[in-house]
Amino acid sequence: MPEIAIEVRDVTKRFGSQTVLNAIRLDVQEGETLVILGGSGSGKSTLLRVMIGNLRPESGDVIAWGKSICTMSDEQLADYRKSIGVLFQSGALYNSMSVADNVALPLREHTDLPEETIDIMIKIKLELVGLREASTKMPAELSGGMKKRAGLARALALDPKILFYDEPSAGLDPVTSAEIDELIIDLNEKLGVTSVVVTHEMESAYRIADRMVLLDRGRFVASGTPEQMRDSEDPLVKQFVHGLTHGPLTDRRRGGQYEVDLLGGEV
Ligand SMILES: Nc1ncnc2c1ncn2[C@@H]1O[C@H](COP(=O)(O)OP(=O)(O)OP(=O)(O)O)[C@@H](O)[C@H]1O
Ligand SMILES: [Mg+2]
């Protein structure tokens, strides 16, 4: 049996009256790359935020290496956050700081390491993501792909056990997107980190995934290896994974929803 790094147990999250995650259950296995798939608004980013301890669910729990993160004190949660790396959609760099300073930030905030050591660590992280030459550049001087790499170097600063990526290839050209995928695979292999990647791009998902999970409107639909998902007979999985123009996802949009919305009836 593979070791479980993170276990999502019946997580339900609401915003107002909207149930954005509905009793989601899934495991992230140690060392794997798990891809979370789903259409826009299906709850992927929300699930990621629950898993990194940014949002508390209304019910359910997230167990990370045997510990419940939903019941942790602020101090314990801060420790948990130090053991994970997160690459947000935009890269989330501080615009007033150079690339090197962005990468150094978690090290300066969370460790007592001397500056000379931090300098070496920055170089190692930037080398890992192929950005050593750009250490003195400011974020505004970077291309979209370089910003992702810099964000990734910062996510790696504290040697995380697990990396979370939200739409790592969104907004990138196909070649740069494939390069970021290679980097994700590389880091997984070289550093042995566990990865959770949120995306709706199937090509990218097939390149990187050991396993996939499909969400739809806050519900778990299916999970499996890339082959299992490719061969699935579930109409929803089939339509999403193969990008079909006909299926339950489009029928729903064409169905009575518009009239219901217009007339304000019960869904
Ligand atoms: N802070 C919030 N307050 C209120 N509603 C929210 C909040 N965050 C997300 N939602 C709602 O939750 C639903 C799921 O959003 P989420 O961002 O998780 O989707 P997603 O699957 O990541 O979509 P995308 O692929 O477009 O990024 C959406 O309907 C969204 O409007
Ligand atoms: Mg999202």
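Residues numbered from 1 in each chain as written. Chains lettered and ligands numbered in written order. Predicted model: local features only at pLDDT ≥ 70, side-chain atom pairs only at ≥ 80, totals over all residues. Heavy atoms only, no water.

## Re helix α5 (residues 144–155)
Item 1. The end-to-end C-alpha distance of α5 is 17 Å, a good match for the 16 Å that 12 residues give at a rise of 1.5 Å each.
Item 2. Counting buried positions along α5 yields nine of 12 residues, so the element is predominantly enclosed.
Item 3. Every buried residue of α5 is accounted for by G145, K148, R149, A150, G151, L152, A153, R154 and A155.
Item 4. Its buried side turned inward, α5 meets β6 (84–87), α3 (99–110), α4 (115–128), β7 (162–166) and α6 (174–191). (Helix = DSSP H or I, 4+ residues; strand = E, 2+ residues; numbered from the N terminus. Expected span 1.5 Å × (residues − 1). Buried < 20%, exposed > 50% of the residue type's maximum accessible area, 1.4 Å probe, protein only. Contact = heavy atoms within 4.5 Å.)

## Some points on the sheet that holds strand β9 (residues 211–216)
Item 1. The mixed open sheet is built from six strands, whose spatial order is β6-β7-β8-β3-β9-β10. Two strands bound the open sheet, and with one partner strand each, they are β6 and β10 (219–224). Strand-to-strand twist across the sheet, computed as the mean angle between neighbouring axes with direction ignored, equals 15 degrees.
Item 2. One ladder, built from five bridges, connects strand β3 (residues 33–38) with β9; its direction is parallel. Bridge assignment links L34 to a residue of β9, and that residue is R211.
Item 3. α5 contacts β6 and β7 of the sheet and is inclined by roughly 165 degrees relative to β6. (Pairing = 2+ DSSP bridges. Axes fitted to C-alpha atoms, helices over the stretch in contact; angles between N-to-C directions.)

## Here's the deal with the side chain of S232
Item 1. Within the element layout of this structure, S232 appears in the loop between α8 (226–230) and α9 (235–242).
Item 2. One polar contact links the side chain of S232 to the main-chain amide nitrogen of D234, over a distance of 3.1 Å.
Item 3. Apart from residues lying up to four places away in sequence, S232 is in contact with V237 and K238. (Polar contact = N/O pair within 3.5 Å; in protein donor to acceptor, adjacent residues only side chain to side chain.)

## Considering the packing of α3 against α4
Item 1. The interhelical angle for the contact between α3 and α4, taken along N-to-C directions, is 120 degrees, at an axis separation of 9 Å. Between α3 and α4, the crossing angle belongs to the class labelled oblique. Considering only the axes of α3 and α4, their crossing is right-handed. In this structure, α3 uses V99, A100, V103, A104, L107 and R108 to contact α4, whose residues at the interface are E115, I118, M121, I122, K125 and L126.
Item 2. Classifying every residue of the contact of α3 with α4 gives nine nonpolar, no polar and three charged. (Parallel < 35°, antiparallel > 145°, perpendicular 65-115°, else oblique. Left-handed = near helix turned anticlockwise from the far one by under 90°. Nonpolar A, V, L, I, M, F, W, Y, C, P; charged D, E, K, R; others polar.)

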